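What follows is the residue order along each chain.
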Amino acid sequence: MVTWQSRQVTVAPAFVPQRGALLDHLDVSDNIALAQAGGGVPRNVAPWLKAVDLDEAIAAPGRAVGTLSGGQAQRVAVARVLAAGRKLVVMDEPSVGLDPVGVRLLARLLVEQAREHDVAIIVITHDLAFAGGASDEILFLDPTKQQLVPAVPSWSSPAEFDAPDVRRRRLADLEGAVEHLLLQDRPAQAGGAGRKRWQLDPLAPLRTAGEALLRFLEPRLALESAVVFRRTLVQSLVRPLPFYLTVGGLLGLTVPYVMAHISSALKPSAVLGMIGGTYILSLAPPISAIVFAATSGSAINAWLGGLRLHGQVTALEGLGVTPKRYLWSPT
């Protein structure tokens, strides 16, 4: 619920984590097109790239998001939330990794897009230069009052930052105001007080598996989920296969070799009978399956865990794409 001009409106915010949180299993074009999935609109990404001042060539088929610079990744993330049609965008440290010129360009871009698309943008940042160039209002999280307070009560339009002399003066005012707020006496905070404890739900795995099976039948994201399914096959089968073949080959060659040469006076069949060859033969298939499943599961857990850790899952939710439907079901 957001209060704006004395009116309360319910909006679904989009979230842009640090460094954009682009999905690495999709190329640049598909990252933007995913925001339009199921919306009944043409998946044309060119207008959104133009809106963030990026050349259309950056969305060439197969262009991996890992090849983008920090500034390009941030702009693609902004294009993605604009394509989702959200009217409230929350951005966490969007200027991380940008040089001073890139910071000013991104700030100007956000102001232009907010005006043109009638979008409200809330930015959480430690970069005062970026805050000054992108904000109609700057609030400081006061640790003493535990609330947001105006950093500079008389702050005016960010358009003033276009003039270098005005930018330097206004930035100095902002730095002085924030420094004054930081140096205020603060009461001692009790460490760890009121911290919520995590509780283990033993039925959570079964509940998640059941929801995934039910959502797998929903057609809304069928094509997009097929991409995740293909990535899952690669992670769970193709990538562990060289490790499995290497380990299996070494064991398969080493054990018979040792048995055959353990004693020249005994036949290999006699050695197998002495050490219990039947047990080895019966245990080999399940042990091999356990080793392969463990390797496959580790690869999948690492991939999905990385998506959660680096904010891609949160970004999906901000685009209106349900992770259970898009990620968990095909996986």
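Residues numbered from 1 in each chain as written. Predicted model: local features only at pLDDT ≥ 70, side-chain atom pairs only at ≥ 80, totals over all residues. Heavy atoms only, no water.

Chemist: What should I look at first to understand helix α3 (residues 70-83) in this one?
Modeler: Residues that lie three or four places apart on an α-helix share one face, since the helix turns once every 3.6 residues. Along its 14 residues, α3 runs 20 Å from first to last C-alpha, staying within 8% of the 20 Å computed at 1.5 Å per residue. Counting buried positions over the 14 residues of α3 gives 11, a clear majority of the element. By the burial criterion, the buried members of α3 are Ala 73, Gln 74, Arg 75, Val 76, Ala 77, Val 78, Ala 79, Arg 80, Val 81, Leu 82 and Ala 83. Structurally, α3 contributes buried residues whose contacts are with β3 (14-16), α1 (28-34), α2 (46-51), β4 (88-92), α4 (100-117) and α12 (312-318). Looking one or two residues beyond α3, the residue adopting positive phi is Gly 85, at roughly 75 degrees. (Helix = DSSP H or I, 4+ residues; strand = E, 2+ residues; numbered from the N terminus. Expected span 1.5 Å × (residues − 1). Buried < 20%, exposed > 50% of the residue type's maximum accessible area, 1.4 Å probe, protein only. Contact = heavy atoms within 4.5 Å.)

Chemist: What is the right way to read the pairing of strand β5 (residues 120-124) from this model?
Modeler: Look at any regular strand and the pattern is simple: side chains alternate between the two faces of the sheet. Where β4 lies against β5, 5 bridges are found, and the strand directions are parallel. Bridge pairing in β5 places Leu 88 opposite Ala 120. As a crossover connection, the stretch from β4 through α4 into β5 is right-handed. (Pairing = 2+ DSSP bridges. Right-handed = clockwise from strand over helix to strand, strands pointing away.)

Chemist: Would you explain the nonpolar core in this entry?
Modeler: Within the largest apolar cluster, 52 residues are counted, with the highest numbers of intra-cluster contacts made by Ile 32, Leu 68, Tyr 326 and Leu 327. No other element matches α3, which puts 8 residues into this core. Apart from residues no more than four positions distant in its own chain, Leu 68 is found in contact with Leu 22, Val 28, Ile 58, Arg 63, Ala 73 and Val 76. (Core = buried A, V, L, I, M, F, W, Y, C linked by side-chain atoms within 4.5 Å.)

Chemist: So what exactly am I meant to see when it comes to unusual backbone geometry here?
Modeler: Of all residues except glycine, most have a negative phi; of all peptide bonds, most are trans. One non-glycine residue with positive phi stands out, namely Glu 93, at about 50 degrees. Inspection of the secondary structure puts Glu 93 in the loop between β4 and α4. Despite not being glycine, Asp 118 has its phi angle at roughly 55 degrees, a positive value. With respect to the secondary-structure elements, Asp 118 resides in the loop between α4 and β5.

Chemist: What should I look at first to understand the pattern of salt bridges in this one?
Modeler: Pairs can form between side chains of opposite charge once their charged atoms are near each other. The full count for this structure, using the stated rule, is 1 salt bridge. Measuring nitrogen to oxygen at the nearest pair gives 3.0 Å for the salt bridge that ties Arg 115 to Asp 136. Of this pair, Arg 115 sits in helix α4 while Asp 136 is found in the loop between α5 (128-134) and β6 (139-142), placing the two residues 21 residues apart along the sequence. (Salt bridge = Lys/Arg side-chain N within 4 Å of Asp/Glu carboxyl O.)

Chemist: Whenever I open this one, the packing of α3 against α4 confuses me. Can you help?
Modeler: To characterise two packed helices, one gives the angle between the axes of the helices and the distance between these axes. With their axes 12 Å apart at the nearest point, α3 and α4 run at an angle of 10 degrees to one another. Here α3 is positioned roughly parallel relative to α4, judged by the angle of their axes. Within the contact between the two elements, α3 uses Arg 75, Val 78 and Leu 82 and α4 uses Leu 105, Leu 106, Leu 109, Leu 110, Gln 113 and His 117. Across the contact of α3 with α4, the residue classes break down as 6 nonpolar, 2 polar and 1 charged. (Axes fitted to C-alpha atoms, helices over the stretch in contact; angles between N-to-C directions. Parallel < 35°, antiparallel > 145°, perpendicular 65-115°, else oblique. Nonpolar A, V, L, I, M, F, W, Y, C, P; charged D, E, K, R; others polar.)

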